[in-house]
Amino acid sequence: MQVQGQVNVAVRPPAVVRALHDPVLLQSFLPGGSKVTRTSETVFDFLAMRETAMITLKLPGTLTILELTPRRAYRMTARARHLLGGSLALDLDLTLARIDEATDLSYLGTIEGGGLAGKLLGDHEDAARNRITNMFHEFARRLQRRQPHGEGPAA
């Protein structure tokens with residue numbers, strides 16, 4: 001399934017780049033209660049958790065963020081697999097563009113699933129696209145709230 005979008009972040013590109021490598025801010029891409037742990041400069045392990053009425057579903061995986069063009073283009077990949085839940089693969093190209101004192105963060109890529117996750121993804125494509133859009137907007141909101149005075153837009 002193809003996904004694409006853009007979000008304006010009211011901070012300069014260097015702050016966005018730092019945030020893309022911050023485990024706390026990367027958690028905004030996952031459901032509440034999920035965990036992200038840095039394992040190297042560009043690799044993170046995650047445990048996405050989603051509570052239902054009866055159980056808590058847990059999906060472990062790995063997120064990688066590679067710099068393609070310094071401070072401008074990145075590739076975000078995520079792989080998750082669960083014996084019962086199936087698998088998910090996310091591949092996004094991220095592009096940063098400075099617009100005045102803010103950053104336009106664009107994303108373009110695919111999300112694919114196998115097993116139960118693939119069936120759910122196929123049955124709810126619009127909801128999945130909306131979830132990804134919402135994740136990027138939440139990332140932008142959290143980043144903007146975290147910026148100390150002087151690190152966001154210039155006066």
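In case you missed it, the structure is sitting above this.
All values derive from a computational prediction rather than experimental measurement. (Residues numbered from 1 in each chain as written. Predicted model: local features only at pLDDT ≥ 70, side-chain atom pairs only at ≥ 80, totals over all residues. Heavy atoms only, no water.)

## Observations concerning the overall build of the chain
For the chain, the helix and strand inventory stands at four helices and seven strands. The order of α-helices and β-strands along the chain, N terminus first, is β-α-α-β-β-β-β-β-β-α-α. Its C-alpha atoms give the chain a radius of gyration of 16 Å, within 12% of the compact-globule value 15 Å for 155 residues. Each principal axis of the C-alpha atoms in the chain carries an extent, and together these give about 50 × 30 × 25 Å. Residues classed as buried in the chain amount to 41% of the 155 residues present. Look at the contacts in the chain between residues 6 or more apart in sequence, and 49% of them connect residues 24 or more apart. (Helix = DSSP H or I, 4+ residues; strand = E, 2+ residues; numbered from the N terminus. Rg over C-alpha atoms; globule rule 2.2 N^0.38 Å. Buried < 20%, exposed > 50% of the residue type's maximum accessible area, 1.4 Å probe, protein only. Contact = heavy atoms within 4.5 Å.)

## Some remarks on unusual backbone geometry
One non-glycine residue, arginine 71, lies in the positive phi region at around 55°. Along the chain, arginine 71 falls in the loop between β4 (56-69) and β5 (73-82). Taking the relative accessible area as the measure of exposure, arginine 71 reaches 59% and is therefore exposed. You will see that aspartate 100, though not glycine, has its phi angle at about 55°, which is positive. Inspection of the secondary structure puts aspartate 100 in the loop between β6 (86-99) and β7 (102-114).

## Observations regarding the side chain of serine 34
On the secondary structure map, serine 34 appears in the loop between α2 (23-26) and β2 (35-38). Polar side-chain contacts of serine 34 include one of 2.9 Å to the backbone nitrogen of methionine 49. Those residues in contact with serine 34 that lie beyond four places of it in its chain are Gln27, Leu47, Ala48 and Met49. (Polar contact = N/O pair within 3.5 Å; in protein donor to acceptor, adjacent residues only side chain to side chain.)

## Comments concerning the nonpolar core
By size, the foremost hydrophobic cluster in this structure holds 40 residues, and its most contacted members are Leu94 and Phe136. Ignoring anything within four residues of it in the chain, the contact list for phenylalanine 136 reads Val7, Phe29, Leu92, Leu94, Leu105 and Tyr107. (Core = buried A, V, L, I, M, F, W, Y, C linked by side-chain atoms within 4.5 Å.)

## Overview of helix α4 (residues 125-146)
Along its 22 residues, α4 runs 32 Å from first to last C-alpha, staying within 8% of the 32 Å computed at 1.5 Å per residue. Within the span of α4, buried status applies to Ala128, Ile132, Met135, Phe136, Glu138, Phe139, Ala140 and Leu143. On its buried face, α4 is in contact with β1 (2-9), α1 (13-19), α2, β6, β7 and α3 (115-123). (Expected span 1.5 Å × (residues − 1).)

## Thoughts on the environment of leucine 63
Note on placement: leucine 63 falls in strand β4. A relative accessible area of 10% means that leucine 63 is categorised as buried. A C-alpha to C-alpha distance of 8.9 Å links leucine 63 and valine 36, two positions 27 residues apart in sequence. In this structure leucine 63 touches Leu26, Thr42, Val43, Phe44, Phe46, Met76, Thr77 and Ala78, once residues within four positions along its chain are discounted.

## Considering the pairing of β6
Summarising the sheet, β5 and β6 pair through ten bridges and their orientation is antiparallel. If you follow methionine 76 over to β6, its bridge partner there is leucine 92. Linking β5 to β6, which pair antiparallel, is a turn of three residues. Where β6 and β7 come together, 13 bridges link them in antiparallel fashion. Within β7, the residue paired with aspartate 93 across the bridge is leucine 108. (Pairing = 2+ DSSP bridges.)

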